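Chain by chain, the residues:
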Amino acid sequence: MRQAFTRRRFLALGSIGAAMGLLAACGGGAPEPTAKPAAPAAGQAPTAGQTPAAKPAAAKKDVSLRIISRAGVFGSHTKEFAQRYAKETGYTVEVEDVEWGDIPKKVQTQFISGDLADVMVCDQAFWPELAIKGVFLPIDDLVKAKPPPDFEDYPDLEWQRRWTDGKLSGLSGDAGINDIITWYNKDMLREVGGKEPTDEWTMEDYVSTMQLVAQKKPGVFGGDSSKGGSHVGDGWLRNWGRWILDPTTKKVELTNPKTLDGVKWVTDMVKRKLYPGRQDTQGTSGTALFAAGKMWSVTSNPGNWGGLDTAVAKKFEYGAVLAPKGPSAFENPPRRAFIPYANRHAVTSKTKFPEEAYGLLVRVTGYESMKWLTLNTGKQPGNLKAWRDPEVLKIRPLYAKVADLMQKCTDVFPVPWNTRYIEYRDRGDNELLAIEYGEKPYSDAAMAEIEKKLQEIVDLPRP
Amino acid sequence: MGGEATSARAFPRALTAAGKLFRMTPSAAREAIWGYVFLIPWLLGLLIFMVGPIVASFYLSFTEYSILGTPKWIGINNFVTAFTKDDLMWPSVGRTFVYAFAIVPLGLFGSLLLAVMLNQQLLGTSLYRTLFFMANLIPIVASAILWTWMLHPKLGPVNWLIGQFGIEGPGWMASPTWALPTVILIGLWSSLGGNRMIIFLAGLQGVPKELYEAAEIDGARQWDKFRNVTLPMISPTMLFNLILGVIGALQVFNIAYVATAGGPSYATWFFALHIYRQAFEYFRMGYGSALAWLFTLILLGLTYIQMRTAGRWVYYAGEQ
Amino acid sequence: MPEQIGVLQAASAGRQVSAGTRLSRSVGRVTLYATVWVLGLLFAFPLYWAAITSLKAEKELYYFPPRFAPDALLWTNYVEVATKFPFLQWFLNTSTITALNVVGATVTGTIVAYSFARFRYPGRELLFMITLGTMMFPAQITLIPTFILFKLLGWVNTLYPLIIPPFFGGGAFTIFLLRQFIMSIPRDLDEAAVIDGASYPRVLWSVLVPLTKPALATVAIIHFIGAWNDFLGPLIYLNKPKMMTLAVGLRYFQTQPSDGRRFDHYMMAMVVMTALPCIILFFLAQRYFVQGIVMSGIKG
């Protein structure tokens, strides 16, 4: 065998390999199917797009759209409705599945290399930095010309305007509030003889039940909410009446006594083993602990509901209520929900088919798509009308109250005004969490130090 | 195929001219030209992919560059910041050194040990070699995922196994004190059976048997043989592996990026990760380039020291 | 060393090899085998874990304590991974990039090494030192400018940034290895061919390359594994899902969905499928691999 492997063989294999490679490389770099001759036809596009299935032949102007979709179940509505849109309009719609965490970098790379998709979606936390880079296309005119159905039901549109000179660029594809729903183990509750939680229950109720669980079932935790440091953790801490990042998103108020109360509370919960520590949730999530029966409850955002049935797999019966009310809920005016979020889809600024892309945007984020998403996958919708839809309420009765809270919420999503979200979050995750997990001792001086460093980041100019 | 005759016919004057210029005979000049010709791919690659980018990054290190706009010249400000204001930088350098000081010696001696074992003419050596090498073959993302799951403090098999012996397993990657040792362990798992081991194996096989026989005649016992014959003879291999090992270890990035994101609480926040964060996530490419240069200087310094002190312990058996 | 302990006793008992020595030598041998097996299993255990996890059903992933064998062997997991995700496409992309990488590196590496090994010209030593010196620069230095370069060439989102650079010599280590190897081949063979009228390219092709095969195999294997598992490169340069490689495709599975579901079984199936080609290749070709390094004298 060794002798047979002559140089001739080597050369032959090598050239085949090279030829294959060049073919593949050529194939991969092939130009997108005919995106050129659309300019004059674009004027006629709006009417063609509006009457679905009426004249698909009119779209022989070769409109081709690319839409970035979140990989996995969360993005299933994007794929489904992109395909429906394509069928209805006759356009070519190509869906690019991208893993959620990679989307901001991918979009930026595409933007730099001039190869940006027409419609995309991203995590709200990264919206500001992409917005100030000019990635999004303002759609105010398009909205005025052809308002989406149920336009008023898109939550929290105003927040976007601060990053794009007051203009609107996106429509939400999934929305909710962080840490607003608590799921709890009914069987375990019965076992320990605790009081059934209601939507009006308080932190004291919460803690006392968790204590009961800890007493009667050693090794099992009581509950978990987002601790997450400076960004995600802000939502939970606002229960105590103040915040880490203020509503102007320019000032860090970590050392406000009310915020400190919250931090101390969380640290205490971890110390008393009512909340899981870092080692207990590493690599997984609180929800996994809950599903494994190792934690009595878990508090999270509404999207969490989607996979709970599979995760719990009928091991126990569980219920859902609104999260417990903290001190701020009793203040005047009562504040209940804190980090409303909406992950938005947007038309990108480099698109060659703005009206068609806008049509796709509306189709994917519309009430029908949202309702489909929730009914088919259990994920939370982005449009409030879907939140309140009777069919949705049949499987998610709590959604009605959450939708109300979303509309009444006045709090601001905590991303610094200079869009330096990652740096802000990293600093908080590494330093604040260390204190909450008890790895570093709590002290007012330590908190002041962290606040100073976070403020330094927030004080930087926009990149 | 042309022969000497053809070339000589084709370029007689050029060669004699070149020869006169460099004081070479025409055939020597011809050899030199061919030498350069064959070198072209590498020279081009050097210029395009090494020299060019290095010069560019040197320039960038004196600028403020956030990808969005154009680089803005700020002189040595980046370097000043690195030495005075960046509170994450020097700890990250220290951490990286701790990692390197642990993994390089352990890695060297571990690989050597494995190589020695494989050199004992065992039955099924190729199987064992593959078993050891397998860890090296897995892409780093896969290793990270695998180990994160295996080392889960509460739900993973490792701690469960340890628990069977009555010991409570540590927090591994979720513990600020254990995260760094865990990363070191995973690094060792991944690399012990890898290229270094193969290189040691080659080195061991290259030791002439006569030396062992001569030592035995002098009454040497096994340990003496190892210490006085094997070790010196493979010391050049050790130097080679040491230098490459240090360079590789100081650049540790993948595992920290994929598995721990530099945490918990900065426990695995290595220098390479710090550079990456600054350049690609905190909008400071100019600063990132400056840090990369500081890193390079440290690396070059260390390599120089290693090569200088090599004379004291490396024994070349009359080669080179 | 276990074996050496046995012989140690023999040496102290005198130079004659007695029956007792033979016994302790066997004991030493057995200990050696045992150690090797234990170590081998330690190294291989995570892969075993990946393999059994890949055959589990999703609900088994939530079990605690963890099971060391799946309830049923769900081979369908592999089918699902291959069909629900563009696994075949990724496999093809990875293979293409790897094949070209191997070809480029071995061919151009040999040419460049030939120059360093056999030719005398001014500046040769300096250039070789520079070559070694490039190994000392961390990748971070060239990362950003190289990306900008490829962007200017319009090569972002193509396979070119991943397949063209190896054609420039294949890297310092490859050149170093091949140079050492060629230097160990006696010059007389070259000279004999030259006397017969061979040109330099012919000498390389007809005389040196056949003798360099072990080193070529080594280089090929190193580049195969490197290209197959490369992560950062494809991550930066390949944007479209259908262009991705296996290493990057694995990222799809990496984030834990926030509803607590796990996809470890799919992830592990992909891990196994990604690692398998390299493992098989190494197992079959390891003799060449070691030989190549042995005969190159790279130990010095």
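Residues numbered from 1 in each chain as written. Chains lettered and ligands numbered in written order. Predicted model: local features only at pLDDT ≥ 70, side-chain atom pairs only at ≥ 80, totals over all residues.

A count of helices and strands for chain B gives 15 helices and two strands. Taking the principal axes of its C-alpha atoms as reference, chain B extends roughly 85 × 70 × 40 Å. Counting every position in chain B, which comprises 320 residues, the buried fraction comes to 45%. Relative to all contacts within chain B whose residues are 6 or more apart in sequence, the contacts with residues 24 or more apart total 64%. (Helix = DSSP H or I, 4+ residues; strand = E, 2+ residues; numbered from the N terminus. Buried ≥ 20, exposed ≤ 12 C-beta atoms within 10 Å, placed from the backbone. Contact = placed C-beta atoms within 7 Å.)

As a further point, take the overall build of chain A. Along its length, chain A carries 22 helices and eight strands. For chain A, the residues scored as buried account for 50% of the 463 residues in total. Residue pairs in contact within chain A that sit at least 24 positions apart in sequence constitute 73% of those at least 6 positions apart.

Attention now moves to the domain arrangement of chain B. Split into domains, chain B comes out as domain 1 (4-60) and domain 2 (80-313). Put simply, the middle of domain 1 of chain B and the middle of domain 2 of chain B, counted by C-alpha atoms, are 40 Å apart. (Domains from an automatic or database assignment.)

Between chain C and chain B, the contact holds 75 residues from the first and 82 residues from the second. Of all elements in the fold, only helix H1 (2-12), helix H2 (19-54), helix H4 (87-118), helix H5 (124-134), helix H6 (139-153), helix H10 (200-211), helix H11 (213-229) and helix H14 (264-296) of chain C reach the threshold of two or more residues within the side of chain C that touches chain B. Tallied by class, the residues present in the side of chain C that touches chain B amount to 51 nonpolar, 17 polar and seven charged. (Nonpolar A, V, L, I, M, F, W, Y, C, P; charged D, E, K, R; others polar.)

Attention now goes to helix H16 (residues 354-365) of chain A. All names here are of chain A. If you check H16, its first and last C-alpha atoms are 16 Å apart, about what 12 residues at 1.5 Å a residue would give, namely 16 Å. Across the 12 residues that make up H16, a large majority, 11, are buried. Regarding H16, the residues found buried are Glu355, Glu356, Ala357, Tyr358, Gly359, Leu360, Leu361, Val362, Arg363, Val364 and Thr365. (Expected span 1.5 Å × (residues − 1).)

Time to look at the domain arrangement of chain A. All names here are of chain A. Each assigned domain of chain A is listed with its residue range as follows: domain 1 (45-177 + 340-408) and domain 2 (181-339 + 415-459). For domain 1 and domain 2, the distance between their C-alpha centroids amounts to 30 Å. Listed per partner, the contact involves 19 residues of domain 1 and 16 residues of domain 2. When residues of the side of domain 1 that touches domain 2 are traced back to their parent elements, those giving at least two are helix H6 (127-132), strand S4 (170-177), strand S8 (340-347) and helix H20 (399-408). By residue class, the composition of the side of domain 1 that touches domain 2 is 10 nonpolar, four polar and five charged.

Core analysis: the biggest nonpolar cluster contains 160 residues, and Tyr99, Val141, Leu146, Ile255 and Phe270 of chain B together with Leu250 and Val271 of chain C have the highest contact counts within it. Broken down by element, the residue count for this core peaks at 14 residues, all from H4 of chain C. When near neighbours in sequence (up to four residues on either side) are disregarded, Leu146 of chain B contacts Pro46, Trp49, Ala50 and Val271 of chain C. (Core = buried A, V, L, I, M, F, W, Y, C linked by C-beta atoms within 7 Å.)

Residue and element names in this part refer to chain A. Helix length check: helix H21 (residues 421-436) (16 residues) gives 21 Å between terminal C-alpha atoms against 22 Å at 1.5 Å per residue, within 8%. In H21, a bend of some 30 degrees at Asp429 exceeds every other bend along the element. In terms of residue burial, H21 counts as a mostly covered element, since 15 of its 16 residues are buried. (Bend = angle between axes of the 7 residues up to and from the residue.)

Time to look at the sheet that holds strand S6 (residues 297-300) of chain A. All names here are of chain A. Strand order in the open sheet formed by three strands is S6-S5-S7, and the pairing between neighbours is antiparallel. Each of the sheet's edge strands pairs with one partner strand only, and the pair in question is S6 and strand S7 (318-322). Along the sheet, successive strands turn relative to each other by an average axial angle of 20 degrees, direction set aside. (Pairing = 2+ DSSP bridges. Axes fitted to C-alpha atoms, helices over the stretch in contact; angles between N-to-C directions.)

Residue and element names in this part refer to chain A. Relative to the helices and strands, Ser226 resides in the loop between helix H10 (203-216) and helix H11 (232-237). Along the sequence, Ser226 and Pro414 sit 188 residues apart, while their C-alpha atoms lie 14 Å from each other. Leave out the neighbours within four places in its chain, and Ser226 touches Asn178, Asp179, Val232, Gly233, Gly235 and Trp236.

Okay, the environment of Ile221 of chain C next. By secondary structure assignment, the location of Ile221 of chain C is in helix H11. Beyond its immediate sequence surroundings of up to four residues, Ile221 of chain C is in contact with Leu281, Phe282, Ala285 and Phe289 of chain C.

Time to look at the confidence of the model for chain A. This prediction gives chain A a mean pLDDT of 80; 86% of its residues lie at or above 70. Across residues 1-60 of chain A, confidence stays below pLDDT 50; counting only partners more than four residues off in sequence or on other chains, it has 64 contacts. (pLDDT = per-residue confidence, 0-100.)

Our focus in this paragraph is the packing of helix H5 (residues 89-118) of chain B against helix H10 (residues 195-205) of chain B. Residues and elements named next belong to chain B. For the pair H5 and H10, the least separation of the axes is 8 Å and the interaxial angle reads 55 degrees. Looking at the two axes, H5 sits oblique to H10. Judged by the twist between their axes, the crossing of H5 over H10 is right-handed. For the pair H5 and H10, contact is made by Gly107, Ser111, Leu112, Leu114, Ala115, Val116 and Leu118 and by Arg196, Met197, Phe200, Leu201 and Leu204, respectively. (Parallel < 35°, antiparallel > 145°, perpendicular 65-115°, else oblique. Left-handed = near helix turned anticlockwise from the far one by under 90°.)

Before going further, it helps to spend a moment on the confidence of the model for chain B. Detailed reading of the predicted coordinates is not advisable wherever pLDDT falls low. Residues and elements named next belong to chain B. Looking at chain B, pLDDT values average 81 and 90% of them are 70 or higher. No element of chain B has a lower mean pLDDT than helix H1 (residues 4-10), at 49, and none a higher one than H5, at 90. Note on the complex model: pTM 0.77, ipTM 0.72.

All names here are of chain A. Phi at Asp156 is positive, roughly 55 degrees, even though this residue is not glycine. Along the polypeptide, Asp156 turns up in the loop between helix H7 (140-145) and helix H8 (158-161). The class of Asp156 is partly exposed, set by 18 C-beta atoms lying within 10 Å. With a phi close to 50 degrees, Asp165 is a non-glycine residue in the positive phi region. For Asp165, the location among the structural elements is in the loop between H8 and S4. According to the C-beta neighbour criterion, Asp165 is exposed, with 9 such atoms within 10 Å.

The subject of this paragraph is the packing of helix H8 (residues 172-183) of chain C against H11 of chain C. Residue and element names in this part refer to chain C. Two elements in contact, H8 and H11, have axes separated by 10 Å at closest approach and are oriented at 170 degrees. Here H11 runs roughly antiparallel to H8, going by the angle between their axes. Residues Thr174, Leu177, Leu178 and Phe181 of H8 form the contact with H11, whose own contacting residues are Ala215, Thr218 and Val219. The residue inventory of the contact of H8 with H11, partitioned by class, reads five nonpolar, two polar and no charged.

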